[in-house]
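# Examining the three-dimensional arrangement
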Number of protein chains: 2
Amino acid sequence: MRIGELAARTGVSVRSLRYYEEQGLLTSVRSASGQRHYTEDDVERVGFIQRMYTAGLSSRTIAEVLPCADAPSEEHSDAALERMAQERDRLSEHITELIRARDALDDLVAIARAHRETLRAPAAR
Amino acid sequence: MRIGELAARTGVSVRSLRYYEEQGLLTSVRSASGQRHYTEDDVERVGFIQRMYTAGLSSRTIAEVLPCADAPSEEHSDAALERMAQERDRLSEHITELIRARDALDDLVAIARAHRETLRAPAAR
DNA sequence: CTAAAACCTGACATTGACGTCAGAGGCAAG
DNA sequence: CTTGCCTCTGACGTCAATGTCAGGTTTTAG
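Predicted, not measured: the structure shown is a model, and the values here were computed from it.

Attention now moves to the relation of the copies chain A and chain B. Take chain A, turn it by 180°, move it 0.0 Å along the axis, and it overlays chain B with an RMSD of 0.1 Å. Seen this way, the second copy is the image of the first under a two-fold rotation axis. Among all residues of chain A, the minimum C-alpha distance to the rotation axis is found for Ile95(A), at 3.2 Å. Mapped onto chain B, 100% of the interface residues of chain A again fall at the interface, so both copies present the same surface.

Structure (structure tokens):
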């Protein structure tokens, strides 16, 4: 498929797909005229890339980790494994922080709601 | 206390504290010479601001939400409450995505580790 | 064949939360 | 009084993923 279709199927912009290629995250086969062509597998690959971006990894870090996703049967050095584990931990910490932030928001919402009730039924007590 | 001490106690840069003030998130009392002075409460306030930034809220959104944290006993319009609830949900979705991303990383790590075992004990089977 | 739609490269623009630097004034200690 | 540290304002720099535009080629539909 061509780049427009891949973009449509992944929900990622054409611009971003070209950027991913520039960053070495995605490869394409070029037709004689220079147009990029992708395989079905690339849909999934782009999904993974997006997920890693969401996780807060940079292009460079994703590039380090991707080979492991590509060829799970090769060694790819302990460094990459180390890197993945490290990013996983960082992500885990971040999730913990986000949950705390959500709790803080929850508290605020609860207090605001409670006070609204007070306003609505001032004669309740 | 002056800005340097607040920075030290919150772990936030002096630059950021000025930026927060510029964004209307933090106020200070100015001495005759123009220096900013803060209260003990501001330490906690900066912590909350940081937490909201971590949660992915923009300055503008934090500015909308902060009045509720400041004065829980006022109404502050349903709009702010609505906004908080909305941000909370957005954050929740984001957390879910991050957990999925972490799971993906976990899978990769597990596969890589398993393969390393295979290499280390090739005669195991 | 022709026009529209999709693609190409290259380059500049954007956004947001800061970093950093310059030049000037403020404040406590010796 | 002066030395050294803190603070002030203002402005420009940064970074990373993307948007966007220009000018040109390719593909597709009619």
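This part takes up the protein's contact with DNA strand C. The immediate surroundings of DNA strand C are formed by 18 residues, with Gly4(A), Ser13(B), Ser16(B), Tyr19(B) and Ser59(B) found nearest. Restricting the count to atoms of DNA strand C within 4 Å of the protein gives a sugar and phosphate share of 75%. Ser59(B) has a polar side-chain atom sitting 2.8 Å from a phosphate oxygen of DNA strand C. Elements supplying a minimum of two residues to the surface near DNA strand C: helix H1 (3–10) and helix H2 (14–22) of chain A together with helix H2 (14–22) of chain B. If you tally residues by element for the surface near DNA strand C, the top one is H2(B), at four residues. When the residues that make up the surface near DNA strand C are grouped by side-chain class, the tally is four nonpolar, eight polar and six charged.

Residue and element names in this part refer to chain A. Structurally, chain A comprises domain 1 (1–72) and domain 2 (75–125). Inter-centroid distance (C-alpha atoms) of domain 1 to domain 2 is 30 Å. With nine residues of domain 1 at the contact, the number on the domain 2 side is seven residues. Both faces considered, domain 1 and domain 2 share a buried interface measuring about 740 Å² in area, 64% of it formed by carbon and sulfur atoms. Counting the surface domain 1 buries against domain 2, the share from its top three residues, Ala-55, Glu-64 and Cys-68, is 47%. Counting every contact that joins domain 1 to domain 2 gives one salt bridge.

The next thing to look at is the interface of chain A and chain B. With 39 residues of chain A at the contact, the number on the chain B side is 39 residues. One can count two salt bridges joining chain A with chain B. Arg88(B) serves as the salt-bridge partner of Asp106(A), at 2.9 Å between the closest nitrogen and oxygen. Counting every contact that joins chain A to chain B gives four residue pairs in polar contact (both at pLDDT 80 or more). Sorting the residues of the side of chain A that touches chain B by element identifies helix H3 (40–54), helix H4 (59–70) and helix H5 (77–120) of chain A as the ones contributing at least two each. Tallying contributions element by element places H5(A) first for the side of chain A that touches chain B, with 27 residues. Of the residues contributing to the side of chain A that touches chain B, the split by class is 22 nonpolar, five polar and twelve charged.

Parameters and conventions
- Residues numbered from 1 in each chain as written.
- Chains lettered and ligands numbered in written order.
- Predicted model: local features only at pLDDT ≥ 70, side-chain atom pairs only at ≥ 80, totals over all residues.
- Heavy atoms only, no water.
- Least-squares fit on C-alpha atoms with pLDDT ≥ 70 in both.
- Contact = heavy atoms within 4.5 Å.
- Near = heavy atom within 4 Å.
- Polar contact = N/O pair within 3.5 Å; in protein donor to acceptor, adjacent residues only side chain to side chain.
- Helix = DSSP H or I, 4+ residues; strand = E, 2+ residues; numbered from the N terminus.
- Nonpolar A, V, L, I, M, F, W, Y, C, P; charged D, E, K, R; others polar.
- Domains from an automatic or database assignment.
- Buried area = accessible area lost by both parts, 1.4 Å probe.
- Salt bridge = Lys/Arg side-chain N within 4 Å of Asp/Glu carboxyl O.

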